[in-house]
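Overview (structure and organization)
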Amino acid sequence: MQTLHHFSDDIPWTMVPERKITVEDVKYALSTHFQNTPYDPYITRGDLSNKGALRPVGINRNDFLSVLQVRQGQEPIEWFTFGSNVFNTLVPLYIHIDTVPEYYSNTTGEVSTDNFYWANRLIGAMADACDKQSAIHIERYQRVVQSHSHHIIHTYDELIENETDEARKTELRHEANQKAADMLKKETSKTLHLVLDELSFTMKNKFARSDA
C-alpha cells in the first residue's frame, strides 16, 4: 500500500453551510464510506492500492442512529434507524407518545425479520457482500422510505396542528407512527428479498438454470 503522505493537518473545525442542513444531509454524512474516492472499500476498478486505507464514518459497527429534529412551531420528530448506515434508512417518530410500534420494539436476541433491527442487520450483511449488485436496491429503499415518511409527516402535522384536544393529538401521533412503521416494514421486506436474490447470484456454487 502506498504511503499516504499528502494529507493536510490543517482541517477546519467548523464550517458555515451554504444552505440549511436537512435530516437527509445528516444521514448522508454519517453514512459516508469515501465513495467516489480511491479510499472507498467498495471500489472494484482502477488503482486499488488505497482501497480501505482510511476508516470511513459508515462502518459495520454502526448499530443505532438517532436524529432529533426540533421544528419551530411544529411537533418535534425523532428520526432513527438500526444497523450499518451505508445500507439502512431513517424513519420518523413523533415523540410525545406512550408506546412505539411493535415493529420497532419487539427485538429479541433471536434473529427475526419480524422486527426492524434484525431485518436491517440482515440487509446490511448481505448488501455488503454484493455491494455492486445491490446498490440500486439500497438506493431505492432509502429514497422510497424517505419520500413516504415526509408525506406522512406532512399529512399528520396538519391534523395535529388543527386538533385542540390533547388526547386526540396523542392518538394522531400514534396513528402516524404506526403508518410509518407499516410502510417501513413493507419496504424493508421488499428490499431484503431483492438483496437476497442478488446475493444468491454471487454464491460460489451457482450454476446456470439449464443445468437443472
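You'll find the structure just up there.
Residues numbered from 1 in each chain as written. Predicted model: local features only at pLDDT ≥ 70, side-chain atom pairs only at ≥ 80, totals over all residues. Heavy atoms only, no water.

**Structural notes on the side chain of N115**
Inspection of the secondary structure puts N115 in the loop between helix 2 (102-105) and helix 3 (116-129). Dropping the residues within four chain positions of it, N115 is found in contact with Y103, N106 and T107. (Helix = DSSP H or I, 4+ residues; strand = E, 2+ residues; numbered from the N terminus. Contact = heavy atoms within 4.5 Å.)

**Overview of the environment of D197**
Within the secondary structure, D197 sits in helix 5 (residues 166-200). In this structure the C-alpha to C-alpha distance between D197 and Q133, which are 64 residues apart in sequence, comes to 9.8 Å.

**Structural notes on a nonpolar patch on the surface**
Among the surface-exposed residues, L68, V70 and I95 lie close enough to one another that they form a single nonpolar patch of about 290 Å² accessible area. If you trace the backbone, I95 turns up in the loop between strand 3 (91-94) and helix 2. (Patch = residues over 30% accessible without salt bridge, like charges linked within 9 Å, V, L, I, M, F, W, Y side chains within 5 Å. Areas by Shrake-Rupley, 256 points an atom, 1.4 Å probe, with all protein chains shown as cover. Salt bridge = Lys/Arg side-chain N within 4 Å of Asp/Glu carboxyl O.)

**A look at helix 5**
For helix 5, spanning 35 residues, the distance from its first C-alpha to its last is 51 Å, which sits close to the expected 51 Å at 1.5 Å a residue. Sitting at the head of helix 5, D165 places a side-chain oxygen 3.3 Å from the backbone nitrogen of A167. (Expected span 1.5 Å × (residues − 1). Polar contact = N/O pair within 3.5 Å; in protein donor to acceptor, adjacent residues only side chain to side chain.)

**Observations regarding the nonpolar core**
Of all hydrophobic cores here, the largest spans 38 residues; its most connected members are Y104, F116 and L184. Broken down by secondary-structure element, the contributors of at least two residues to this core are strand 1 (64-69), strand 2 (77-82), strand 3, helix 2, helix 3, helix 4 (131-161) and helix 5. Of the residues forming this core, the biggest block, 8 residues, is contributed by helix 5. Setting aside anything within four residues of it in sequence, one finds F116 in contact with F80, T81, F82, T89, V91, Y103, Y104, Y141, L184 and T188. (Core = buried A, V, L, I, M, F, W, Y, C linked by side-chain atoms within 4.5 Å. Buried < 20%, exposed > 50% of the residue type's maximum accessible area, 1.4 Å probe, protein only.)

**Focus on the pattern of salt bridges**
Counted according to the given criterion, the structure contains 9 salt bridges. E139 is paired through a salt bridge with R143; the nearest N and O atoms lie 3.2 Å apart. In this pair, E139 and R143 both sit in helix 4, 4 residues apart, roughly one turn of the helix. Taking relative accessible area as the criterion, R143 reaches 54% and is therefore assigned exposed. Residues K169 and E166 are paired through a salt bridge, measuring 3.9 Å at the closest nitrogen-oxygen approach. You can see K169 and its partner E166 sitting in helix 5, 3 residues apart, about one turn around the helix. Ionic contacts of the salt-bridge type, sharing partners, join the residues R140, E187 and K190 into one network.

Any link to function would need more than the numbers given here.
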